[in-house]
Structure formats: structure tokens, C-alpha cells
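Observations on the three-dimensional arrangement
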Amino acid sequence: MTSLFDTARDIYHGVLESRMVARMETEGRALTDYETAKECEYLLETIDYSGYERDEIARIKRACRHIIRRYVK
């Protein structure tokens, strides 16, 4: 079974991969489902101020909302 972290890392051609891998390296392990969902919530709150292009922000938000919905089910 694929973890929520693996799904977040790979979703939509890896749009969240750099952020998820950075957090994994900080923690020294893959994130738990709860931590992955929380990271996505944080991204939803802060991504608008990242300097990314509007279409990239939209893809990141879409991926984060998908991950959060999957965790909540």
C-alpha cells in the first residue's frame, strides 16, 4: 500500500516532490500521513507568497487539496 507521503511526492508529475523531500530530509524519515496532510495545509496557506507563476501555484494547491481530502476520508 502506498503511503500518503509517497502519493504527495508523486502526485501530478511531482509538483510537491521538492517540498516533501525537503521535509523528509529535515525529519530524517518519510512523513507520517498526519504530517503530510499538515504540510499540505501549510502549503495552501503560504504558496501564494512563494513567487511561483500563477499556473504552478494552481497545480500545487490542487495537489494539496487532493492529498488533504485523501487523508480526511
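An account of the accompanying structure is given in this report.

Reading the values: the criteria
- Residues numbered from 1 in each chain as written.
- Predicted model: local features only at pLDDT ≥ 70, side-chain atom pairs only at ≥ 80, totals over all residues.
- Heavy atoms only, no water.
- Core = buried A, V, L, I, M, F, W, Y, C linked by side-chain atoms within 4.5 Å.
- Buried < 20%, exposed > 50% of the residue type's maximum accessible area, 1.4 Å probe, protein only.
- Helix = DSSP H or I, 4+ residues; strand = E, 2+ residues; numbered from the N terminus.
- Contact = heavy atoms within 4.5 Å.

Overview of the nonpolar core
In terms of nonpolar packing, the biggest core is built from 17 residues, with Leu16, Met20, Cys40, Ile60, Cys64 and Ile67 touching the most fellow members. Only helix 1 (4-14), helix 3 (33-46) and helix 4 (54-72) provide two or more residues apiece to this core. Sort the elements by how many residues they give to this core and helix 4 lands first, with 6 residues. Ignoring sequence-local partners within four residues, the contact set of Ile60 consists of Val15, Leu16, Ile47 and Tyr52.

Some details on helix 1
Listing the buried residues of helix 1 in full gives Leu4, Phe5, Thr7, Ala8, Ile11 and Gly14. Those residues of helix 1 that are buried are in contact with helix 2 (17-27), helix 3 and helix 4.

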